[in-house]
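Tertiary structure, described
For reference, the chains in residue letters:
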Amino acid sequence: MNFAFSEEQDQLRDVVRRFVEEKSSEEEVRRLMDTEVGYDPNVWAQMANELGLQSLHIPEEFGGQGFSFVELAIVFEEQGRRLLCSPYFATVALATNAILNAGTTDEKAALLPGIASGETIATLAFTEPNGRWDADGITMVAREDGGGWVLDGTKMFVIDGNNADLIVVAARTAGTSGEAGISFFTVAGDAQGLTRTALATMDQTRKQSKLEFAGVKATPLGAAGQGWSALSKTLDQAAVCLSNEMAGGAQFVLDMSVEYAKVRVQFGRPIGSFQAIKHKCADMLLEVESAKSAAYYSAWAAGEDNEELPVVASLSKAYCSDAYFHATAENIQIHGGIGFTWEHPAHLYFKRAKSSEILLGDATYHRELLAQRIGI
């Protein structure tokens, strides 16, 4: 296909890039990493009120702007370039898509306007201590109690779980297994019986939490027992968003490497003139450009709700994971001794690349999933 961004999309990129560069400097990223919440509420409000980023792909009837995943991909790519610390991925890529995929019209009307306005921070809790990303990994039981539903169990690695006002939870009804019986529920962040514990993770630019549910009252979202198809689609859409975020980060570290190779002088000449450095940069360029192509195509497929989405989502997640991690590792090597120090930003991208590689399933998992989806 012949894919090119429109003039309006390029303008969106320019606006978001200027905003992120202003609000997410290296100094600000390091400051937010050391805070408990891991983001700046004022910047979050500006994202909603001045740029409308939280409402970007939410339909207009629910308080959004009605754009597609292509515009959303641009935003994630630009945020990935500067490691923006915010609950945007949890709220937009995970929770919002889960609500859009599973909720009824009335449920969407009740939940989405708060997200669109920036008043509600939301997340999706589906991964458990077993660390699996498939349907069998969901063991949390939802049981009926007094005419309502309650949840018991533990969710792990919940992105911005401590910050969320609204938590969308994937659980299963008693006596079910596999894809059958999985349902979505919504829980308030301050619900009685819910214990939220921040996790000490390698990448502190994206906060994660352990959520323990002990008889927590929950509200059903969508049809009971029909949640796996919506969850599977949500995870594919989130993989698309993450792929574009990784592509943005990979491009940034490539630019960082090339610039350093131009100005760092060794043995009386720029290190970029040495063949070994040239080859590293050339390999990085090939991988980054290929990653961007895969990420953009997956964004188009998500925006069109194309039948290819499950295939290209896994393809782009696998390739972008490898490309981003390799680019960040080579960036450290090109910078030499300074690249290994805490003072240099190279390690921030390296850690984000590693955490993003594992998030939603690593490259090996997605290659296996891709093979299953195309019938190999």
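1. Section: the packing of aromatic side chains
- For the coordinates displayed, the defined rule picks out nine aromatic pairs.
- Both rings, one in phenylalanine 76 and one in tyrosine 88, keep their centres 5.2 Å apart while their planes meet at 55 degrees; by these two values the pair is tilted. Here phenylalanine 76 is found in helix H4 (residues 69-81), whereas its partner tyrosine 88 is found in helix H5 (residues 88-102), with 12 residues between them in sequence. Grouping residues by exposure puts phenylalanine 76 and tyrosine 88 together as buried.
- For the ring pair phenylalanine 76 and phenylalanine 89, a centre distance of 5.8 Å and an interplane angle of 80 degrees mean the geometry is edge-to-face. Taken together, the residues phenylalanine 76 in helix H4 and phenylalanine 89 in helix H5 connect sequence positions 13 residues apart.

2. Notes on the pairing of strand S3 (residues 148-159)
- Sheet analysis places strand S2 (residues 141-145) next to S3, joined by five bridges and oriented antiparallel. When the sheet's bridge partners are listed, valine 141 is paired in S3 with aspartate 152.
- Between S2 and the antiparallel strand that follows it, S3, lie two residues; glycine 146 among them carries a positive phi value of about 60 degrees.
- Where S3 meets strand S7 (residues 208-221), nine bridges bridge the pair, whose relative direction is antiparallel. By the bridge assignment for S7, isoleucine 159 is matched with glutamine 208.

3. What about the pairing of S7?
- As defined by bridge partners, strand S5 (residues 182-188) adjoins S7 across three bridges and the pair is classed as antiparallel. In the sheet register, phenylalanine 184 faces S7, and the bridge partner there is leucine 221.
- When strand S6 (residues 194-198) meets S7, the two strands line up antiparallel, connected through five bridges. Among the inter-strand pairings, threonine 197 is bridged to a residue of S7, identified as lysine 210.

4. Quick look at H4
- For H4, spanning 13 residues, the distance from its first C-alpha to its last is 18 Å, which sits close to the expected 18 Å at 1.5 Å a residue.
- Counting buried positions along H4 yields 13 of 13 residues, so the element is predominantly enclosed.
- Downstream of H4 by a residue or two, leucine 83 has a phi angle that is positive, lying close to 50 degrees.

5. Brief notes about the pattern of salt bridges
- Going through the model one piece at a time under the given rule, you end up with 23 salt bridges.
- A salt bridge links aspartate 255 to arginine 81; the nearest nitrogen and oxygen atoms lie 4.0 Å apart. Taken together, the positions of aspartate 255 in helix H7 (residues 227-263) and arginine 81 in helix H4 put the pair 174 residues apart, joining distant regions of the chain.
- Taking relative accessible area as the criterion, arginine 81 reaches 10% and is therefore assigned buried.

6. Considerations on the packing of H4 against H7
- Contact geometry for H4 and H7: axes closest at 7 Å, N-to-C directions at 40 degrees. As far as their axial angle goes, H7 and H4 are oblique. The handedness of the crossing between H4 and H7 comes out as right-handed. Facing Phe69, Leu72, Ala73, Phe76, Glu77, Gly80 and Arg81 of H4, the residues of H7 in contact are Gln237, Cys241, Asn244, Glu245, Gly248, Gly249, Gln251, Phe252 and Asp255.
- Broken down by class, the residue content of the contact of H4 with H7 amounts to six nonpolar, six polar and four charged.

7. With respect to a negative patch on the surface
- Together, Glu7, Glu8, Asp10 and Asp14 line one region of the surface with negative charge.
- With respect to the helices and strands, glutamate 8 occurs in helix H1 (residues 7-23).
- By relative accessible area, glutamate 8 is classed as exposed at 55%.

8. Here's the deal with the side chain of threonine 173
- Structurally, the position occupied by threonine 173 is in strand S4 (residues 166-173).
- For threonine 173, a relative accessible area of 19% puts it in the buried group.
- If we skip the residues at most four places from it in the chain, threonine 173 touches Ala142, Trp149 and Gly181.

How each quantity is defined
- Residues numbered from 1 in each chain as written.
- Predicted model: local features only at pLDDT ≥ 70, side-chain atom pairs only at ≥ 80, totals over all residues.
- Heavy atoms only, no water.
- Phe/Tyr/Trp six-rings, centres within 6.5 Å; stacked < 30°, edge-to-face > 60°.
- Helix = DSSP H or I, 4+ residues; strand = E, 2+ residues; numbered from the N terminus.
- Buried < 20%, exposed > 50% of the residue type's maximum accessible area, 1.4 Å probe, protein only.
- Pairing = 2+ DSSP bridges.
- Expected span 1.5 Å × (residues − 1).
- Salt bridge = Lys/Arg side-chain N within 4 Å of Asp/Glu carboxyl O.
- Axes fitted to C-alpha atoms, helices over the stretch in contact; angles between N-to-C directions.
- Parallel < 35°, antiparallel > 145°, perpendicular 65-115°, else oblique.
- Left-handed = near helix turned anticlockwise from the far one by under 90°.
- Contact = heavy atoms within 4.5 Å.
- Nonpolar A, V, L, I, M, F, W, Y, C, P; charged D, E, K, R; others polar.
- Patch = residues over 30% accessible without salt bridge, like charges linked within 9 Å, V, L, I, M, F, W, Y side chains within 5 Å.
- Areas by Shrake-Rupley, 256 points an atom, 1.4 Å probe, with all protein chains shown as cover.
- Lys, Arg positive; Asp, Glu negative; His and termini not counted.
- Charge placed at Lys NZ, Arg CZ, Asp CG, Glu CD.

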